[in-house]
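# Chain and residue survey
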Amino acid sequence: MRKIHIFENGFDFKLEINDDGKIALIGFSQLPFPIDNKSFKDFKDSGNQKGRLIEVTVSDDDSEAMIITHFQFIKNSCNVEIWSTVINQQTQTESLPKLFSSVKNQA
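Since the structure is predicted, the reported quantities are computational estimates derived from the model, not experimental observations.

## Re the confidence of the model for the protein
With 77% of its residues at a pLDDT of at least 70, the protein reaches an overall mean of 78. The low-confidence segment residues 29-33 (pLDDT under 50) makes 12 contacts with residues lying over four places distant or belonging to another chain. Between residues 102-107, whose pLDDT stays under 50, and residues either more than four places distant or in other chains, the model counts 18 contacts.

Have a look at this one:
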């Protein structure tokens, strides 16, 4: 199991990647935030003019879509911009709700 722990601008950001390539986002909350039916592909930690940029890439196990989630930590503030980029690598159309339906917040 691989654990990634980043502390940036007062945010505690944690990821866990198991040996099967499944990824769980644990940061920003005390509750686990698993991402089912997704396989870990890549993790990038870089910086830009805004501040630190974390990018996590997963593939959807039920389709050929790649989902890149971006976490842009803004310098000298307690703000984080979070967005996702979806890349559909198959010939048929997939709906975004279907791709994201396996993201569950477990209480």
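## Some thoughts on the sheet that holds strand S5 (residues 38-48)
Taken in spatial order, the 4 strands of this open sheet run S5-S6-S7-S8, and their pairing is antiparallel. Edge positions in the sheet fall to S5 and strand S8 (80-87), since each of these pairs with one other strand and no more. Strand-to-strand, the axes of this sheet are offset by a mean angle of 15 degrees, without reference to chain direction. Pairing of strand S6 (residues 51-60) with strand S7 (residues 66-73), which is carried by 7 bridges, proceeds in the antiparallel orientation. Within the sheet, the bridge partner assigned to Leu-53 lies in S7 and is Gln-72.

## Topic: the pattern of salt bridges
Here the structure, examined in full by the defined rule, presents 3 salt bridges. Residue Glu-16 is joined to Lys-3 by a salt bridge in which the shortest nitrogen-to-oxygen separation is 3.8 Å. On the criterion of sequence distance, the pair formed by Glu-16 in strand S2 (residues 11-17) and Lys-3 in strand S1 (residues 2-8) is long-range, its members being 13 residues apart. Note on Glu-16: relative accessible area 26%, which makes it partly exposed. One salt bridge connects Glu-81 with Lys-50, and the closest N-O pair in it is separated by 3.0 Å.

## Digging into unusual backbone geometry
Backbone phi values are negative for most residues with the exception of glycine, while trans is the configuration of most peptide bonds. Non-glycine residue Asn-76 carries a positive phi angle of around 55 degrees. Tracing the sequence through the fold places Asn-76 in the loop between S7 and S8. Residue class for Asn-76 comes out exposed when judged on its relative accessible area of 79%.

Conventions and cut-offs
- Residues numbered from 1 in each chain as written.
- Predicted model: local features only at pLDDT ≥ 70, side-chain atom pairs only at ≥ 80, totals over all residues.
- Heavy atoms only, no water.
- pLDDT = per-residue confidence, 0-100.
- Contact = heavy atoms within 4.5 Å.
- Pairing = 2+ DSSP bridges.
- Helix = DSSP H or I, 4+ residues; strand = E, 2+ residues; numbered from the N terminus.
- Axes fitted to C-alpha atoms, helices over the stretch in contact; angles between N-to-C directions.
- Salt bridge = Lys/Arg side-chain N within 4 Å of Asp/Glu carboxyl O.
- Buried < 20%, exposed > 50% of the residue type's maximum accessible area, 1.4 Å probe, protein only.

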